[in-house]
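Commentary on secondary and tertiary structure
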Amino acid sequence: VQLQASGGGLVQTGGSLRLSCATSAPTFSRYAMGWFRQAPGKGREFVAAVSGDGRRIVYADSVKGRFTMSRDNGGLQMNNLKPEDTAVYYCAVDERTRLRVEPDYAYWGQGTLVTVSS
């Protein structure tokens, strides 16, 4: 399974970006998809995820109310961006995951950089 995250860029505080994740997964609907991010000098952290059947979408507390993940294609709409959202964002998929748990995902994209200026 190959993944390609895109849509990152430079935006001012309060701005918006939409991240996309193209996947070669043959039956995407079976795969849960997660977004994670890694800020400079920090470990990778969970952002949002949707279950394979689309019934569950979960968010990190830090992005709840500002980020929205699509059930249809796993895209991540990011609104009201803050400087602390600056990070490389990664999409990941797997057939069975606990959604928030990074090691549960076997397939990862290469990441897209989001920079939020103050």
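For the structure itself, look to the data block above.
Residues numbered from 1 in each chain as written. Predicted model: local features only at pLDDT ≥ 70, side-chain atom pairs only at ≥ 80, totals over all residues. Heavy atoms only, no water.

Here we take up the overall build of the protein. Counting secondary structure elements, the protein contains zero helices and eleven strands. Relative to the globule expectation of 13 Å for 118 residues, the C-alpha radius of gyration of the protein, 13 Å, shows essentially globular dimensions. With respect to the principal axes defined by its C-alpha atoms, the protein has extents near 40 × 25 × 20 Å. Buried residues in the protein amount to 45% of all 118 residues. Taking the contacts inside the protein whose residues are at least 6 apart along the sequence as the reference set, 56% of them involve residues at least 24 apart. Carbon and sulfur atoms make up 45% of the accessible area of the protein, which totals about 6100 Å². Computed over 14 positive and 10 negative side-chain charges, the inter-centroid distance for the protein is 3 Å. (Helix = DSSP H or I, 4+ residues; strand = E, 2+ residues; numbered from the N terminus. Rg over C-alpha atoms; globule rule 2.2 N^0.38 Å. Buried < 20%, exposed > 50% of the residue type's maximum accessible area, 1.4 Å probe, protein only. Contact = heavy atoms within 4.5 Å. Areas by Shrake-Rupley, 256 points an atom, 1.4 Å probe, with all protein chains shown as cover. Lys, Arg positive; Asp, Glu negative; His and termini not counted. Charge placed at Lys NZ, Arg CZ, Asp CG, Glu CD.)

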